[in-house]
Structures are given as C-alpha cells and as structure tokens.
Amino acid sequence: MRKISAPRVLPESLPFWQAADEGRYLVKKCNSCGQVHHYPRDICPFCLSADTVWQESHGTGVVYSFSTMGKDEAAYTMAYVTLDEGVTVMSNLVDCDPAQVRIGQKVRVVFTPTEGGHAVPMFTPV
Amino acid sequence: MSLNGTACIVGAYEHPTRKADDLSVVRLHADVAKGALEDAGLSKNDIDGYFCAGDAPGLGTTTMAEYLGLKLRHVDSTECGGSAPILHVAHAAAAIAAGRCNVALITLAGRPRAQMAAAQAAAKDGKGGRAPLALKPPDPDAPELAFELPYGPATQNLYALVAKRHMYEFGTTSEQLAWIKVAASHHAQHNPLAMLRDVVTVQDVVNSPMVSDPLHRLDCCVMSDGGGALIVARPEIARELSRKNGRPLVMVRGTGEAPKHGMGGQIDLTYSAAAFSGPRAFAEAGVTPADIQYASLYDSFTITVLMQLEDLGFCKKGEGGKFVMDGNLISGVGKLPFNTDGGGLCNNHPANRGGVTKVIEAVRQLRGEAHPAVQVPNCTWALASGIGGALASRHTAGTLIMERL
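By convention here, each chain's residues receive numbers from 1 onward along its written sequence. Going through the entries in the order they are written, you letter the chains from A and number the ligands from 1. Reporting of local features is limited, given that this is a predicted model, to residues whose pLDDT is at least 70; pairs of side-chain atoms are given and counted only at 80 or more, and all residues count toward the totals for whole chains, interfaces and linings. Hydrogens are left out, water is left out, and the side-chain values use all remaining heavy atoms of the structure.

What follows deals with the overall build of chain B. A count of helical and extended segments in chain B gives 13 helices and eleven strands. What the globule rule says is 2.2 Å times the number of residues to the power 0.38, and the radius of gyration is computed from C-alpha atoms. Relative to its length of 405 residues, chain B is compact, with a C-alpha radius of gyration of 20 Å against a globular reference of 22 Å. A principal-axis box enclosing the C-alpha atoms of chain B has dimensions of 50 × 50 × 45 Å. Within chain B, contacts between residues separated by at least 24 positions form 75% of all contacts whose residues are at least 6 apart in sequence. In short, Shrake-Rupley with a 1.4 Å probe defines the accessible areas, and a residue's cover is counted only from the protein chains shown. For chain B, the accessible surface area stands at approximately 14,400 Å², while carbon and sulfur atoms represent 52% of it. Asp and Glu count as negative and Lys and Arg as positive, but His and the ends of the chain are not part of the count. Where a charge lies is defined by one atom per residue type: Lys uses NZ, Arg uses CZ, Asp uses CG and Glu uses CD. Between the centroid of the 37 positive side chains of chain B and the centroid of its 39 negative side chains there is a distance of 3 Å. Think of it this way: any DSSP run of H or I at least four residues long counts as a helix, any run of E at least two long counts as a strand, and we number them from the N terminus. By the convention used here, residues are in contact when the closest approach between their heavy atoms is within 4.5 Å.

Structure, rendered in structure tokens:
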C-alpha cells in the first residue's frame, strides 16, 4: 500500500479536515452568489465575497477522468471526481480494479488514514 | 498597446550538452548567454535588460547579473514554468517599446538529468536523495497543496488525465497521439545533438511501456540538461545587425499569455490556456493559423501538442487526433511542420522546461538555418507556443508569432 502523506492544512480549510476525520465531506458555498467551490477558501473565487459557509456533501459523484501510474503494489489511480454538488475534485480511486473503471461511473467517498495526520477523502465505485 | 513590430529576436543559442555532470546551473546560464551574444554579434555591455525564471539560481536576475557582470536597467523574473521564455520575449518587447531597455537577454538552463543521476547514486550509497523537480518543491503555503499532494500528483498522471478525457470526449486514440512522437523522431534523426535519433513507428510508441495510462513511455519527453538563450532588441538595432551579418530580421508580431487553473472546481480538461493566449497573439499579429508555415509546440507529452493544435486553431476542437495522423506534422510531408529539431519528445527538454528551445527552433526556421532536411522552404511566418505547469491542474500558456523580414 502506498504511503499517503498527511495533508498540510491551512487554517481556513481546517474544518474540512476535521470533518474528514469524522467521515464527512464538506464543500464551501458562497451565501452571496450561491456557488459551491473547491478547494475550500474563506473568499469565494467567483465573487470574492467573504460570506462563505461549509456545506456537507452527499459524498457521491461520477468519475471525470482517471489514470493509473506505477506497477503492482505501488500502483495508484489519480482521478478527478465530479461531486453531485457540481464541483470536480482531485482524488484517488481505491478498492477497485482500475481496468474496470469507466469515466461517468458513480463513486462514493471513503476516508483513508494518513501517517500522523487527518484522514484523506478518496473514492470507490458504488 | 500592440507589441506588433516593437522588437526583433537577434540572437538565439542552444546549449549542446544533454548531460551536464560537471557544469553548474549558473555556468549553463552563462554559457547560453555567451552563445546568444556571439550569435547576435553583440557584446555584454550592449545588454540592458535581463529575463529569467525559476530555473536560474539564487536571486535569479540579480544573481545572474552579478555572475555575468551586467549593468542592467530592466529585469523581469516572470515565473510560470516551461512557458516562461515565451512570455519573456513578449515582456522584453513591451519593455523595449516602453523605453525601459534596448537589448534584452533571456536565459533558461538546468541540469535535472545530472541531478537525478547523482540522487540515484546517493540513494544506492544509502545517503538518500530525491528526484529534481521542474518547479520548486511544494510550498506548504500553497492553498491547493492539502487537496492534491496526498493523491500523488506527478507530471505524467496529470497529463494522462487530460489524454484520457480527450479520448472519452472525442474518440482520440493512442495511435493518433503516437503520430506526434513519430513526426518528432523523423525530425530528430537529422539533429546530431538529439537524445533520441531513431525514427520510431506508431507501433513502437503504443508498444512502449505504459507510464500513466493512456500515456506510454514514448508519449513522454526526454529528461535532459542544457538550456538556451535569446536576445531581443529594438528594431533599429536589429536592422543594423542585419546589415552587418546579412541575416533576415525576425520580428515579433503577435504575443499572448494566459493562465488556466482549477476555476473553483469547475474543471474542464478539454482545453488548455492556449485557447486564451492563441487568439490574442493571432489578433495582434493580424494573421490566422492558416498563415503559419512552421510551429514550435510545447511537447512535454504528445497530448500537450494535440491540445495546442486545437486550442490555437490549427484544427477544430476534438479533431487534433485526425490532424496529426499520416505525418501531417512532418516537414516536407505534412501541412504543419512542427518541432523540426526533434523537440522535447526527442531532442532535449533542458531544466524540465521546453520554452526556450521552442523559440530557438522557430528562429532557425525563419532565418533559413534549420537542418536542410527539415527546413521549411521560404519560411516567413512561425509560431512558438508553450504550456508551463500542468495541463490538468494549473498552467500558463504563452503564444508568440514571428515574421521574417
């Protein structure tokens, strides 16, 4: 199993990682323009309003693109997953045979422990 | 203000080394600076503007000015990865037009291959060591870091994500991508300095080991040391040099630059930032893709070339795969000769950055100084395009259109 590095967390994204430790995936929503964004910021990248709030994601989405790199034990699958909330997030696909994965396939979030840090959200086929 | 006609490229030089075991990064920068000055017929004291990016050591322009003993009145350290020198040409033209300098030097150089070999040797001795990066090591203050680094982003898989999506959206195939490498290899066979000089076939490419699917080993550029330099000058100075050396003028006609990023999560991998920089450059130059006789296209991977062909308007979106087939990028064979030095795919990719060599080969073509086997007859309009950073996450594109006069 590939060693997952612990995320280096900035203060403004700390709630995301605390929620990840509890098995919840948060996205950031702007109260001013109504848009959801990722990665989460204090300031909305669409309208620059600072009135942004955390919202719990359903943790489900579809594979936008993916690629497997490395051989045997060291192989891992990088992916972009489009969440039901409309944002596309970088992640890994786990607990699956990448050869069977298709773009557009439904996936759900799973949380992977890291070395001495917060859990990291990854996705697996539904 | 338009930059059309404000500056000429009067000097271009590519370092001959591909593995610099005994040359420092600063020495490589200095070597290419000397080479470009000699090529231009200028001396060190003529330089009053200096441009370099993150590959330069220490404080960049300051460190290089000290090493070379330059007296400068304009410096620019615009850093955007491998496309930086293409932006530097535009910024030099702007600085010249604004009266900030008359003769601008641009350098790019590095030794990732020698560093990698040293790191591997050290690892064997149990002393550790790590692979060198094109950009600086991950910055803990970068806001995206926590949301990317745990997933193992590498240059290869970030470009593979784009290739996989392109195949899904448009039916592009590995065989079509392979044609890009095939064309580069046809050109590289004539370049004695190229790292990979053997002509390869589509089958060779698709049968090479998978690196990050769908990209094979031969879809990737080489890793090399070396570098290159350019000298950009006021047109009056360029005309005087041209009278002395009998070479044609290489005039800056169109420039464009643009970043593309994660867009708050509205990711769309079907286009690159060249979709923004390209139209700006063509509008400034007053020409269309049909007027371009030679194109230097950033070729970190085959997919990088395909994306630029579409985004710059050489073919419609989604039709890049068809466009590159059957040798359409091979000089003397196809409609759009590209990377006639062999490019990053076969020749070199110094400092993991291909921007300067893209401009250098375009200058050779416009001067009629490319290898005779790949020289485009009567080459009057050429384009150089760069993608710095990663196609799937964040990058900056630079487009430069030049005319021979």
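What follows concerns the pairing of strand 11 (residues 395–404) of chain B. All names here are of chain B. For strand 11, the tally of buried residues reaches nine of ten residues, placing the bulk of the element in the interior. Where strand 10 (residues 381–389) lies against strand 11, nine bridges are found, and the strand directions are antiparallel. Counted as the bridge partner of G386 is G398 from strand 11. Strands qualify as paired when DSSP identifies two bridges or more between them. A loop of five residues connects strand 10 with strand 11, the two strands running antiparallel in sequence. Residue exposure (1.4 Å probe, protein chains only): buried if accessible area is under 20% of the type maximum, exposed if over 50%, otherwise partly exposed.

Attention shifts here to the packing of helix 5 (residues 155–170) of chain B against helix 10 (residues 302–311) of chain B. All names here are of chain B. To obtain each axis, a line is fitted to C-alpha atoms, and for helices this fit is confined to the stretch in contact; angles are then taken between N-to-C directions over 0 to 180 degrees. At their nearest, the axes of helix 5 and helix 10 sit 10 Å apart, and the two run at 55 degrees to each other. Put simply, helix 5 runs oblique to helix 10. In this structure, the crossing between helix 5 and helix 10 has a hand that is left-handed. For the pair formed by helix 5 and helix 10, the contact residues are Y159, V162, A163 and H166 on the first element and I303, T304, L306, M307 and E310 on the second. Here roughly perpendicular refers to angles of 65 to 115 degrees, roughly parallel to angles under 35, roughly antiparallel to angles over 145, and oblique to all remaining angles. Left-handed describes a crossing in which the near helix is turned anticlockwise from the far one by less than a right angle; the clockwise case is right-handed.

Another point: the packing of aromatic side chains. Side-chain rings of Phe, Tyr and Trp, where Trp is taken by its six-membered ring, are said to pair if the distance between their centres is within 6.5 Å; with planes under 30 degrees apart they count as stacked, over 60 as edge-to-face, and otherwise as tilted. Evaluated as defined, the whole model comprises nine aromatic pairs over all chains. Ring centres of A:Y25 and A:F123 lie 6.2 Å apart, and the angle between their planes is 55 degrees; on these two criteria the pair is classed as tilted. Here A:F123 lies in strand 8 (residues 117–125) and A:Y25 lies in the loop between helix 1 (14–21) and strand 1 (26–30), a separation of 98 residues in the sequence. Of the two residues, A:Y25 and A:F123, both sit in the buried class. Considering the side-chain rings of B:F282 and B:F314, the 6.5 Å spacing of their centres and the 75 degrees angle between planes classify their relative orientation as edge-to-face. Note that B:F282 is positioned in helix 9 (residues 274–285) and B:F314 in the loop between helix 10 and helix 11 (320–324), a separation of 32 residues in sequence. With relative accessibility at 7%, the residue B:F282 sits in the buried group. Overall, B:F314 belongs to the buried group, its relative accessible area being 12%. These aromatic residues form a ring-pair network of at least three members: A:F16, A:W17, A:Y25, A:Y39, A:F123 and B:F147. Placement of a charge over a ring requires the Lys NZ or Arg CZ to be within 6 Å of the ring centre, with the centre-to-atom vector within 35 degrees of the ring normal. Lying over the aromatic face of A:W54, A:K28 brings its terminal NZ or CZ to 4.7 Å of the ring centre. In this structure, B:K260 is placed above the aromatic ring of B:Y271, and the distance from its NZ or CZ to the ring centre is 4.3 Å.

Another aspect to go through is the interface of chain A and chain B. Contacts between chain A and chain B engage 38 residues on the former and 36 residues on the latter. Summed over both partners, the accessible surface that disappears when two parts come together, traced with a 1.4 Å probe, is what is meant by buried area. Note on chain A versus chain B: buried area summed over both sides is about 3,100 Å², and carbon and sulfur give 61% of it. Salt bridges are counted wherever a side-chain nitrogen of Lys or Arg sits within 4 Å of a carboxyl oxygen of Asp or Glu. At the boundary of chain A and chain B, one finds zero salt bridges. What qualifies as a polar contact is a pair of N or O atoms within 3.5 Å, subject to a donor-acceptor requirement within protein and to the restriction that residues adjacent in sequence count only when both atoms come from side chains. Along the contact surface separating chain A from chain B lie 16 residue pairs in polar contact (both at pLDDT 80 or more).

On to the sheet that holds strand 1 of chain A. Residues and elements named next belong to chain A. One open sheet accounts for three strands, arranged 2-1-3; its pairing is antiparallel. The open sheet has two edge strands with one neighbour each: strand 2 (36–37) and strand 3 (52–56). The sheet contact formed by strand 1 and strand 3 spans five bridges and is antiparallel. Within strand 3, the residue paired with C30 across the bridge is T52.

On to the pattern of salt bridges, then. It is possible for side chains bearing opposite charge to pair when their charged atoms get close. Residues and elements named next belong to chain B. Taken as a whole and judged by the stated rule, the model has 24 salt bridges over all chains. A salt bridge links E148 to R394; its shortest N-O distance comes to 2.7 Å. Placement of the pair is E148 in the loop between helix 4 (112–124) and helix 5 and R394 in the loop between strand 10 and strand 11, with a sequence separation of 246 residues. Ionic contacts of the salt-bridge type, sharing partners, join the residues E14, R18, E361 and R364 into one network.

Here, the term disulfide refers to a pair of cysteine sulfur atoms separated by no more than 2.5 Å. The full count for this structure, using the stated rule, is zero disulfides over all chains. Here A:C33 stays free of any disulfide, with the sulfur of A:C44 as its closest cysteine sulfur at 3.7 Å. No disulfide involves B:C101; its sulfur sits 14 Å from the nearest other cysteine sulfur, which is in B:C8.

This part is about the pairing of strand 1 of chain A. Residue and element names in this part refer to chain A. Judged by how many residues are buried, strand 1 sits mostly within the fold: four of five residues are covered. Pairing of strand 1 with strand 2 involves two bridges; the strand directions are antiparallel. Bridge pairing links K28 to H37 in strand 2. Joining the antiparallel neighbours strand 1 and strand 2 is a turn of five residues, in which G34 adopts a positive phi near 85 degrees.

Attention shifts here to helix 10 of chain B. Residues and elements named next belong to chain B. Of all ten residues making up helix 10, ten are buried, and the element is well covered by its neighbours. Of the residues making up helix 10, those classed as buried are T302, I303, T304, V305, L306, M307, Q308, L309, E310 and D311. At the exit of helix 10 stands G313, carrying a positive phi of roughly 95 degrees.

Cis geometry is found at the peptide bond from A:H38 to A:Y39, where omega equals -10 degrees. Mapped onto the elements, A:Y39 comes out in the loop between strand 2 and strand 3. Phi at B:D326 takes a positive value of approximately 60 degrees, unusual for a residue other than glycine. Mapped onto the elements of the fold, B:D326 is located in the loop between helix 11 and helix 12 (343–346). When its relative accessible area of 59% is taken as the criterion, B:D326 is described as exposed.

Let's shift gears to helix 5 of chain B. Here, expected helix span is obtained from the residue count minus one, scaled by 1.5 Å. Taking 1.5 Å as the rise per residue, helix 5 of chain B with 16 residues should run 22 Å; its terminal C-alpha atoms sit 23 Å apart, in good agreement. Among all positions in helix 5 of chain B, only B:N157, B:L158, B:Y159, B:A160, B:L161, B:V162, B:A163, B:K164, B:R165, B:H166 and B:M167 are buried.

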